[in-house]
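Here is what each chain is made of, one letter per residue.
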Amino acid sequence: MDSHFNTLSAMQSPLNEAAIHPELFASVSSDSDGHGKPPLAVRPRNLEDAGLSELYVADLISKHLFERGVLDLHEVTRCVALPGSIVESVFAFLRDEGRAEVRGATPTGVLRYALTERGRLAAQEALLRDGYIGPAPVPLAQYTALVARQALQQQGIDRDTVHAAFSDIMIRPEVLDQLGPAMHSGRATFIHGDPGTGKTFIARRLARLMAGGVLIPHAILVADKAVHLYDGGVHEPVDDTQAEVSLNASLYLDRGHDPRYVLCKRPVVVVGGELTMDMLEVQYDTATRIHHAPAQLRANNGMLIIDDLGRQRMRTEELFNRWIVPMEERRDFLSLRSGQHFQVPFNVALVFSSNKHPHELADQAFLRRIGYKIRFEPLNRDEYTVIWQQECQHNDLPANDALARFMIEDMHGRLGVPLLPCHPRDLIGLAMDRLRYLGQHNLTEEALRWAWQNYFVEPGAAGEERDS
């Protein structure tokens, strides 16, 4: 993967996304009170609103009781993320069926429940059919409608917003004026250029343009099977307590969004050389009997970056062919382990990043389907100097212009090595490693020469810099 275009962004806190697009946060968090926008996913009042059958919820509650033993009504409500009125009605069904029984009450008078022997057998059978235990899933139809309402194209991006979002990063205005329309349009983008020109760094920071929050369901329901979607490694709640707050709502609250969802920042999923075709299909864990959403489904309403394109184990043509239908029709086709096929929305900003020229990886027919092809070039002298100064500041070093000129003229220029955004950070970092080892503090030409010799495989060969 490419290294940082510069280091300033690492020194500063993220931009206030709510300040850039406050209406997107409001749309998912406002109460439906006639004054603000209604929630995108209103709390269900009954099973019909939730889109779930009584039998499915009964099995889900049974699995929770099987796993945890005795639970009171409030605890079950939090476990399944459904209102207490729904949970109470399902418990009445379970008691009528002889699958659950009351085990006393809490000191505050809340009933406690446990499974009967018959209920334990039914729970085991339910676990064999589907091992998912968590908040109640959202029906596929409801999820599809929500993705459309949260679509990237709904937010709109203008030039001022794009340039403000990258004001702390050294990037050419003309490149920003290519990236901005690409993100605004929602079309696929192909970023290419030599290693170290900042492709991956900038691609990741395109997330700054995807301001606002989106609702992510814990799971979606397909043919009575839950497909686990929420991924704590990808989906970042708007605040640290959001996930817990969603599940600890009061029993009968009818304000705010459906707690089966978590309010998150727009997701950014990055895959690289490790990507396989299987990772783009629903994953079934035979040990837990749980279906897991593939990368592109977890990236819905956000961005999917396919980095180091051309280094995957499958043929590039095979990978490209996988995206033809999703890019053109904005939908994807997946299947469960049982063979049940289903259709999901594909509202993803798809970004390809590669060190290779597009013509080396795809034919013209496919490249026409990618709206934007953006090349990242080496730096000029002034751009390199700005990044050098930023990196010195990051390391608490004086911005010595003489050392910057030394690197540009005596090292890069004399040896014919292009000026890349990764070089100031990497070379200063190596030089500082040596100075700390020697107990010294001042950056010198000698230390930088030493760093150069360690950094390049062949110090005098242009273009032989390491991939980073």
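All values derive from a computational prediction rather than experimental measurement.

Some points on the overall build of the chain
Here comes step 1: What the chain contains, in helices and strands, is 21 helices and 17 strands.
Here comes step 2: Within the chain, the proportion of its 468 residues that are buried is 53%.
Here comes step 3: Here the contacts in the chain between residues at least 6 apart in sequence split such that 75% fall between residues at least 24 apart.
Here comes step 4: Roughly 20,700 Å² of accessible area belongs to the chain as shown, and the carbon and sulfur atoms make up 48% of that amount.

Here we look at the environment of Leu379
Here comes step 1: Examined against the element boundaries, Leu379 turns out to sit in the loop between β17 (372-376) and α18 (381-394).
Here comes step 2: Note: C-alpha distance between Leu379 and Thr197 (182 residues apart in sequence) is 8.1 Å.
Here comes step 3: If near-sequence neighbours (up to four positions away) are discounted, Leu379 is found in contact with Arg172, Tyr384, Ile387, Leu419, Leu420 and Pro421.

Focus on helix α19 (residues 401-415)
Here comes step 1: Over its 15 residues, α19 runs 20 Å from end to end, which matches the ideal 21 Å to within 8%, given 1.5 Å per residue.
Here comes step 2: The inward-facing, buried residues of α19 abut α18, α20 (422-438) and α21 (445-455).
Here comes step 3: Between the side-chain oxygen at the start of α19 and the backbone nitrogen of Ala402 there is a gap of 2.9 Å, and the oxygen is on Asn400.
Here comes step 4: Downstream of α19 by a residue or two, Gly416 has a phi angle that is positive, lying close to 70°.

A short note on the sheet that holds strand β8 (residues 225-228)
Here comes step 1: A sheet is described by the order of its strands in space; here five strands give the open sequence β4-β7-β8-β12-β11, paired in mixed fashion. The open sheet has two edge strands with one neighbour each: β4 (138-139) and β11 (283-285).
Here comes step 2: Examined bridge by bridge, strand β7 (residues 219-222) and β8 share four bridges and lie antiparallel to one another. Note that in β8 the partner of Leu221 across the bridge is Ala226.

Some words on the sheet that holds strand β3 (residues 111-115)
The pairing of strands in a sheet comes from backbone hydrogen bonds and takes either a parallel or an antiparallel form.
Here comes step 1: Spatial ordering of the open sheet is given by β1-β3-β2, a layout of three strands whose pairing is antiparallel. Every other strand in the sheet has two partners, leaving β1 (71-72) and β2 (100-105) as the edge strands with one partner each.
Here comes step 2: Contacts between helix α5 (residues 54-68) and the sheet are confined to β1 and β3, with β3 contributing the most and set at about 85° to the helix.

A word on the side chain of Arg208
Here comes step 1: Relative to the helices and strands, Arg208 is located in the loop between α12 (199-205) and β6 (213-217).
Here comes step 2: Side-chain polar atoms of Arg208 contact the side chain of Asp168, separated by 2.8 Å.

Some remarks on the pattern of salt bridges
Here comes step 1: Using the criterion set out here, one finds 18 salt bridges in the structure.
Here comes step 2: When the shortest N-O distance is used, the salt bridge between Lys265 and Glu236 registers 3.4 Å. Here Glu236 lies in the loop between β8 and α13 (242-247) and Lys265 lies in strand β9 (residues 261-265), a separation of 29 residues in the sequence.
Here comes step 3: Taking the relative accessible area as the measure of exposure, Lys265 reaches 24% and is therefore partly exposed.

What about the packing of α19 against α21?
Here comes step 1: It is the contact of α19 with α21, at a shortest axis distance of 11 Å, that shows an interaxial angle of 40°. Considering how the two elements wind past one another, α19 and α21 form a crossing that is right-handed. Residues Leu403, Phe406, Met407, Asp410, Met411, His412, Arg414 and Leu415 of α19 pack against Glu445, Leu448, Arg449 and Trp452 of α21.

Thoughts on the packing of α5 against helix α6 (residues 73-80)
Here comes step 1: Where α5 meets α6, the closest approach of the two axes is 10 Å, and the angle between their N-to-C directions is 115°. Taken together, the axes of α5 and α6 are roughly perpendicular relative to one another. Handedness of the crossing formed by α5 with α6: right-handed. Counted together, Leu60, Ile61, His64 and Arg68 of α5 and Val76, Cys79 and Val80 of α6 form the full contact between these two elements.

Calculation rules
Residues numbered from 1 in each chain as written. Predicted model: local features only at pLDDT ≥ 70, side-chain atom pairs only at ≥ 80, totals over all residues. Heavy atoms only, no water. Helix = DSSP H or I, 4+ residues; strand = E, 2+ residues; numbered from the N terminus. Buried < 20%, exposed > 50% of the residue type's maximum accessible area, 1.4 Å probe, protein only. Contact = heavy atoms within 4.5 Å. Areas by Shrake-Rupley, 256 points an atom, 1.4 Å probe, with all protein chains shown as cover. Expected span 1.5 Å × (residues − 1). Polar contact = N/O pair within 3.5 Å; in protein donor to acceptor, adjacent residues only side chain to side chain. Pairing = 2+ DSSP bridges. Axes fitted to C-alpha atoms, helices over the stretch in contact; angles between N-to-C directions. Salt bridge = Lys/Arg side-chain N within 4 Å of Asp/Glu carboxyl O. Left-handed = near helix turned anticlockwise from the far one by under 90°. Parallel < 35°, antiparallel > 145°, perpendicular 65-115°, else oblique.

Note that every value here comes from positions in space, so none of it alone points to a role or purpose.
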